[in-house]
Every structure is written in C-alpha cells, then in structure tokens.
Amino acid sequence: QVQLVESGGGLVQAGGSLRLSCTASGRTFSSYTMGWFRRAPGKERDFVATISRSGATTYYGDFVKGRFTISRDNAKNTVYLQMNSLKPEDTAVYYCAANPTANVYYTGTYEYIYWGQGTQVTVSS
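Below, the structure is looked at part by part. Residue positions are counted from 1 within each chain, in the order its sequence is given. Where local features are concerned, this predicted model is filtered to residues with pLDDT of at least 70; where side-chain atom pairs are given and counted, the filter is 80 or more; whole-chain, interface and lining totals use all residues. Side-chain numbers here rest on the full set of heavy atoms in the structure, without hydrogens or water.

**Considering the overall build of the protein chain**
Defined as follows: Each helix corresponds to a stretch of at least 4 residues labelled H or I by DSSP, and each strand to a stretch of at least 2 residues labelled E; elements are numbered beginning at the N terminus. Atoms considered for the radius of gyration are the C-alpha atoms alone. The globule rule reads 2.2 Å times the number of residues to the power 0.38. Exposure categories follow from relative accessible area, calculated using a 1.4 Å probe and restricted to protein chains: below 20% of the type maximum is buried, above 50% is exposed, and the middle band is partly exposed. We call two residues in contact when some of their heavy atoms are within 4.5 Å. Residues scored as charged are limited to Lys and Arg (positive) and Asp and Glu (negative), so that His and the chain ends carry no count. By convention, charge coordinates are those of NZ in Lys, CZ in Arg, CG in Asp, or CD in Glu.
When helices and strands are counted, the protein chain shows zero helices and eleven strands. Listing each helix as α and each strand as β along the protein chain from the N terminus yields β-β-β-β-β-β-β-β-β-β-β. Rg of the C-alpha trace for the protein chain: 13 Å, near the compact-globule value of 14 Å for 125 residues, within the 12% margin. Across its three principal directions, the C-alpha atoms of the protein chain cover 40 × 25 × 25 Å. The proportion of buried residues among the 125 residues of the protein chain is 45%. Relative to all contacts within the protein chain whose residues are 6 or more apart in sequence, the contacts with residues 24 or more apart total 59%. In the protein chain, 12 side chains carry a positive charge and 8 a negative one; their mean positions are 5 Å apart.

This is the structure in structure tokens:
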C-alpha cells in the first residue's frame, strides 16, 4: 500500500509559478512510475506528466509545451511538478499517482493504482 499526499497548490497570477510536491509513504517509491494528472471543473482528468522510476525519462502532455518540469527524489519519496508561465486554463485540481509498471509513456489512468487526494491550483487572469 502506498499513500500519496500532494502539496504546493494555491492561487497565482497568470505568468506566475508554482511547485507541487507529492510525498509517498512506504519503502517502494522507487519501484513506481509516477505521474501528474489534472481535472478542471466540468472536464475529464487529463494527463500532465510522467517520470520513470529512476527519474531519467520524462514525458509530458502536449499542452505543457516546455512550461512544466517533473522530477523526483527517491531518497525523499517525493515527486515534484514545477509549473512556470501559468495560464488561467491551467486552473484545476492536480493529482499525483503511482504506476507499478515501467511504462512512462502511458497517459491513461488505468495503470495508476494509487492516487493522492489532489491539490487545487487556481490561476487568475
């Protein structure tokens, strides 16, 4: 069992930055591909980014366009999402999730078996 806890969300003006963190319980964090997803009001949950178990490989949703960076620190059981140049359309609840497979290019939700509770990001115009 893995428990994930996100933090770092908040209210920011357009063009600003936020850094989200997701800390996992347990001693097997490094065995999971980690992902970030988001859900805007009235929309489906969207893929944001993934990172491989070692952190060597990352993959992003098309809308990111170089604005977001996913990283991880396995010694701290934590995955991060640095978000720069934020836009009002980035407003959403952001979730981190753990995938026990090595498929860093998987953008669906089915393989992610553990999810955090989410953290709200609001970008004002």
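Next comes the rest of the write-up.
**Structural notes on the side chain of Ser 21**
One can find Ser 21 in strand S3 (residues 18–24). With sequence-adjacent residues up to four places away left out, Ser 21 is seen in contact with Val 5, Glu 6, Ser 7, Trp 36, Thr 78, Val 79 and Tyr 80.

**Observations concerning the pairing of strand S5 (residues 45–51)**
Applicable threshold: One requirement defines pairing of two strands: DSSP has to find at least two bridges between them.
When you tally the buried positions in S5, you get five out of seven residues, the bulk of the element. For strand S4 (residues 33–39) and S5, the ladder comprises six bridges, and the chain directions are antiparallel. Of the residues in S5, the one forming a bridge with Arg 39 is Arg 45. From the end of S4 to the start of S5, which pair antiparallel, there are five residues, and Gly 42 there has a positive phi angle of about 75°. Following S5, the chain reverses through six residues before pairing antiparallel with strand S6 (residues 58–60); Gly 55 in that reversal takes a positive phi of roughly 90°.

**What to know about the sheet that holds strand S7 (residues 68–73)**
In plain terms, the rule: Axis definition: a line fitted to C-alpha atoms, over the contacting stretch in the case of helices. Angles run 0 to 180 degrees between N-to-C directions.
Taken in spatial order, the four strands of this open sheet run S1-S3-S8-S7, and their pairing is antiparallel. Edge positions in the open sheet fall to strand S1 (4–7) and S7, since each of these has one partner strand only. Each adjacent strand pair in this sheet contributes to an overall mean axis angle of 15°, direction not counted. One ladder, built from four bridges, connects S1 with S3; its direction is antiparallel.

**Concerning the state of the cysteines**
A covalent bond between the sulfur atoms of two cysteines is referred to as a disulfide. Counted only if it meets this: When two cysteine sulfur atoms are found within 2.5 Å, that pair is recorded as a disulfide.
Applying the stated criterion across every chain yields a total of one disulfide. Between the sulfur atoms of Cys 22 and its disulfide mate Cys 96 the distance is 1.9 Å. Taking the sign of the S-S torsion, about 50° here, the bridge from Cys 22 to Cys 96 comes out right-handed. Taken together, the residues Cys 22 in strand S3 and Cys 96 in strand S9 (residues 92–99) connect sequence positions 74 residues apart. Using a relative accessible area of 0% as the deciding quantity, one classes Cys 22 as buried. A residue is classified by how much of its surface remains accessible, and Cys 96, at 0% relative accessible area, is buried.

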